[in-house]
Amino acid sequence: MWKNQTCTLTSKDITILQTMYDRRHTLADPVRDILKHKLDNAIVVFSEDIDTDIVTLNTRVRYRIGDRQPQTAIITQGQMDGMVGQCLSLGTVRGLALLGLAEATEFSLPRQGNTTPDRLVVEAVLFQPEAARRERLKQELTTHSLRLVHDASLNT
């Protein structure tokens, strides 16, 4: 189905997936199958080093299933009360499939019955918390630079 398709995960994200995998005991569970695949084929990087076009936890992403209209969601660890329709949990097939994928990457979702698998496509990473954190730190460094407030040579 996925044939060694790699994904890029932060060290935090892989730890969460490992815990999820250890807690799932249903053998015919499609989420467990995707978890196993992601854990076996992940490229793990530090949060500071993840590319800005990779879907990470709490990323806002635009994606589509097959030829359907694009959808936008925030990838969350669990269900988010009050944000119905805006979040996609890692406990769902779609949410888990999106994690670790780059923009313009496809992932074949598990078959349901005798149907052909749905093709999930990442159209755009609209917000990634790791990229936002790097940008915020960069802004702080440039705004907190040293400036000359008194020139000693003017006193002579």
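Please refer to the structure higher up on the page.
Novice: Residues and numbers for unusual backbone geometry, please.
Specialist: A positive phi is found at Asn-58, a non-glycine position, where the angle reads about 75°. Tracing the backbone shows Asn-58 in the loop between strand 2 (42–45) and strand 3 (60–65). Residue classification places Asn-58 among the partly exposed positions, given a relative accessible area of 36%. In this structure, Ala-104 takes a positive phi of about 70° despite not being glycine. Within the secondary structure, Ala-104 sits in the loop between helix 3 (93–98) and strand 6 (106–108).

Novice: How would you sum up the pairing of strand 1 (residues 7–10)? Please name residues and give values.
Specialist: When a strand is regular, its side chains alternate between the sheet's two faces. Taking every second residue as pointing to the same face, both faces of strand 1 are buried, with Cys-7 and Leu-9 on one and Thr-8 and Thr-10 on the other. Pairing of strand 1 with strand 2 involves four bridges; the strand directions are parallel. Opposite Leu-9, over in strand 2, you have Val-44 as the bridge partner.

Novice: Mind laying out the pattern of salt bridges, listing which residues take part and the relevant values?
Specialist: Throughout the structure, instances matching the rule amount to six salt bridges. For Arg-62, the salt bridge is made with Glu-123, and the minimal N-O distance between the two is 3.3 Å. Taken together, the residues Arg-62 in strand 3 and Glu-123 in strand 7 (residues 119–127) connect sequence positions 61 residues apart. Taken together, the shared-partner salt bridges in this structure form one network comprising Arg-62, Arg-64 and Glu-123.

Novice: Before we move on, could you go through the packing of aromatic side chains and cite the residues and values that matter?
Specialist: On inspection of all chains with the given rule, the structure shows zero aromatic pairs. Stacked on the ring of Tyr-21, the Lys or Arg Arg-32 has its end atom at 4.1 Å from the ring centre. Just above the ring of Phe-107 sits the side chain of Lys-38; from NZ or CZ to the centre is 5.1 Å.

Novice: Run through the sheet that holds strand 7, naming residues and quoting values.
Specialist: Across the sheet, which stays open at both edges, the five strands sit in the order 5-4-3-7-6 with mixed pairing between neighbours. The open sheet has two edge strands, strand 5 (87–89) and strand 6, and neither has a second partner. Across the sheet, the mean angle from the axis of one strand to that of its neighbour is 40°, orientation sign disregarded. Direction of pairing for strand 3 relative to strand 7: antiparallel, over a ladder of six bridges.

Novice: So what about the environment of Pro-129? Which residues, and what values?
Specialist: Tracing the sequence through the fold places Pro-129 in helix 4 (residues 129–143). A relative accessible area of 16% places Pro-129 in the buried class. In this structure, the C-alpha to C-alpha distance between Pro-129 and Thr-59, residues 70 residues apart in sequence, is 6.3 Å. Aside from chain neighbours lying at most four places away, what touches Pro-129 is Thr-56, Leu-57, Asn-58 and Thr-59.

The rules we used
- Residues numbered from 1 in each chain as written.
- Predicted model: local features only at pLDDT ≥ 70, side-chain atom pairs only at ≥ 80, totals over all residues.
- Heavy atoms only, no water.
- Helix = DSSP H or I, 4+ residues; strand = E, 2+ residues; numbered from the N terminus.
- Buried < 20%, exposed > 50% of the residue type's maximum accessible area, 1.4 Å probe, protein only.
- Pairing = 2+ DSSP bridges.
- Salt bridge = Lys/Arg side-chain N within 4 Å of Asp/Glu carboxyl O.
- Phe/Tyr/Trp six-rings, centres within 6.5 Å; stacked < 30°, edge-to-face > 60°.
- Lys NZ or Arg CZ within 6 Å of the ring centre and 35° of its normal.
- Axes fitted to C-alpha atoms, helices over the stretch in contact; angles between N-to-C directions.
- Contact = heavy atoms within 4.5 Å.

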